[in-house]
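# Architecture and fold: a report
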Amino acid sequence: MRNKRAIVWFRQDLRLHDNEALLDAIASADEIIPVYVFDERVFKGKTRYGFPKTGKYRARFIIESVHDLRTSLRALGSELIVRVGKPEEIIYDLANKAKSSWVFCNRERTEEEVAVQDALEQNLWSIGQEIRYSRGKMLYYTADLPFPVTHTPDVFTQFRKEVERFVAIRHPLPRPETFEPVFVLLEPGEIPRLEDFGHEDDPADSRAVLDFKGGELEGLKRLKEYVWDTEHIRHYKDTRDNLMGTDYSSKLSPWLAQGCISPKTVYYEVKTFEKTYGQSESTYGLLFELLWRDFFRFMAKKHGNKVFQEGGIQEKTDPDWKNDEDLLQSWVNGQTGIPFIDANMREIKQTGYMSNRGRLNTASFLVNDLKVNWQMGADYFESVLIDYDVCSNYGNWQFVAGVGSDSREHRELNILAQAKRYDPQGDFVRLWLPELAEVPQDKIHQPDSLSEMEQRDFHFQLGRDYPAALVDTGKWN
Ligand SMILES: Cc1cc2nc3c(=O)[nH]c(=O)nc-3n(C[C@H](O)[C@H](O)[C@H](O)COP(=O)(O)OP(=O)(O)OC[C@H]3O[C@@H](n4cnc5c(N)ncnc54)[C@H](O)[C@@H]3O)c2cc1C
């Protein structure tokens, strides 16, 4: 009898450890054909408001992750077939040529991803093959929830208490040790370069918090470094709201977003650390944030496309919101005249990363102070973030805009108070806004309050070297 073949379609699960789709395929088939497709719509297309759908930091990170995955598969005697195009056509074609029986993949839950997997499923049916879906995104499995997913509490605390009380997190699945080599002759295909997607491969900005390198190996290395080698996890609670440096938070988000590391692996690594050194608010703090990640994914499952709509999951709207392109561009380019906002926006533009504190402030500023439709901000973050995760991004934006999972009306932050609290010396602002380098600490967050003489003393001129503030900062005093 002919050997049974299965294609494993890697998506945002670019790892060998804890990869349910891969293990399911190995359990069902005699031969495995691992495939990754760079979806041309995702890597070459534009977002709704005209930004590149996958900005260059994330594109580079994914390219590196695919290289890493191929290297790991080759070490096991296998191969990663790589293509650029539409997965529903390419994988169908490969399945047809390879005469496989199934395509295994970890299921996605949001509109664009679901459309692709549905289209592939339809195509496969036409040749008598089918998709088998596995699970691999979260700490908690839907099947383990103490409530039907459609009854997931919309308030995080309620969700957290229920899952923590009733559900044990499953252990990560093992990494496969060997593979049956593929006997079909399929061209491995070249992994594209950044330039193929229209991006220039510039050197990294030396101010970046971390030189993020894609791949399972690098992700596991960062986890080990943060938890065991440096033990920075011990201080997570006290440092997580900082803005500068590599270790104020775990920086695991890009690897988690592309599935280079599994959240369960992070969870059990922290649990092992706790067993050795004891539990603390810091160790729990990190796991608590991973729960937010799960929560937003369950929200997307429960509410479907409402997570992308202006009225959010609460289906309400703010009549003052506008789709103002000029204001959006000032915000994107770090030219709002509010140093704390501009420093954060320049960081994300030049590195693809921004701290959680920065994200909360820049989002609040766009929505509450500039009164720009939150969807425009979310759209830009979708483009630029190295760690873009559809559910975490849209969920957090809705949260800030007051249309998502929160009982409070608006999460409006006092930007000046936040700036003084989280950047008291102005070091972060000076790092990203060199034009304000000489402005002293007590004036750095409000350059628009400086007289012309003071501006001369500090070697900058408002309106020439740095823009006048787009909003009256007096409102925050
Ligand atoms: C407007 C806005 C947009 C955001 N967009 C994204 C996004 O696209 N992708 C993304 O991963 N995170 C997003 N976040 C959440 C958070 O800012 C980042 O996860 C975090 O800054 C990543 O850095 P870290 O890995 O060092 O986080 P740590 O503080 O070390 O946290 C550990 C992990 O927990 C998860 N996590 C932490 N905070 C959150 C949160 N608020 N919501 C969901 N998960 C969280 C992440 O996976 C993170 O890697 C967004 C937050 C805001 C306010």
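Residues numbered from 1 in each chain as written. Predicted model: local features only at pLDDT ≥ 70, side-chain atom pairs only at ≥ 80, totals over all residues. Heavy atoms only, no water.

## Quick notes on the sheet that holds strand β2 (residues 31-39)
In space, the five strands of this open sheet follow the order β3-β2-β1-β4-β5, with parallel pairing throughout. Each edge of the open sheet is held by one strand with a lone partner, namely β3 (81-85) and β5 (130-134). Adjacent strand axes in the sheet meet at a mean angle of 30 degrees, parallel and antiparallel pairs treated alike. Summarising the sheet, strand β4 (residues 102-106) and β5 pair through five bridges and their orientation is parallel. Of the residues in β5, the one forming a bridge with valine 103 is isoleucine 131. Its contacts with the sheet put helix α1 (residues 20-28) on β1 (5-10), β2, β4 and β5, and the angle it makes with β4 is roughly 155 degrees. Against the sheet, helix α5 (residues 111-125) contacts β1, β2, β4 and β5, and its axis sits at roughly 140 degrees relative to β5. (Pairing = 2+ DSSP bridges. Helix = DSSP H or I, 4+ residues; strand = E, 2+ residues; numbered from the N terminus. Axes fitted to C-alpha atoms, helices over the stretch in contact; angles between N-to-C directions. Contact = heavy atoms within 4.5 Å.)

## Structural notes on the side chain of glutamate 216
Considering the arrangement of structural elements, one finds glutamate 216 in helix α7 (residues 216-229). Comment: no salt bridge for buried glutamate 216; closest opposite-charge side chain is arginine 175, at 4.2 Å. At 2.6 Å, the side chain of glutamate 216 and the side chain of histidine 17 are in polar contact. Discounting chain neighbours no more than four positions away, the residues touching glutamate 216 are Leu14, Arg15, Leu16, His17, Asp68, Ser72, Arg175 and Cys260. (Buried < 20%, exposed > 50% of the residue type's maximum accessible area, 1.4 Å probe, protein only. Lys, Arg positive; Asp, Glu negative; His and termini not counted. Salt bridge = Lys/Arg side-chain N within 4 Å of Asp/Glu carboxyl O. Polar contact = N/O pair within 3.5 Å; in protein donor to acceptor, adjacent residues only side chain to side chain.)

## Remarks on the domain arrangement of the chain
Domain boundaries assigned for the chain yield domain 1 (5-136), domain 2 (137-172 + 216-303) and domain 3 (314-476). Computed over C-alpha atoms only, the centres of domain 1 and domain 2 are separated by 25 Å. Taken together, the contact pairs 19 residues of domain 1 with 22 residues of domain 2. Carbon and sulfur atoms make up 48% of the area that domain 1 and domain 2 hide from each other, which totals about 1800 Å². Of all residues in domain 1, His17, Asp18 and Phe61 bury the most surface against domain 2, accounting for 31% of the area lost on that side. Along the contact surface separating domain 1 from domain 2 lie two salt bridges. Where lysine 137 meets glutamate 108, a salt bridge forms, and the shortest distance between an N and an O atom there is 3.2 Å. Applying the counting criterion to the domain 1 and domain 2 interface returns 14 residue pairs in polar contact (both at pLDDT 80 or more). For the side of domain 1 that touches domain 2, the leading source of residues is helix α3 (residues 56-75), giving six residues. (Domains from an automatic or database assignment. Buried area = accessible area lost by both parts, 1.4 Å probe.)

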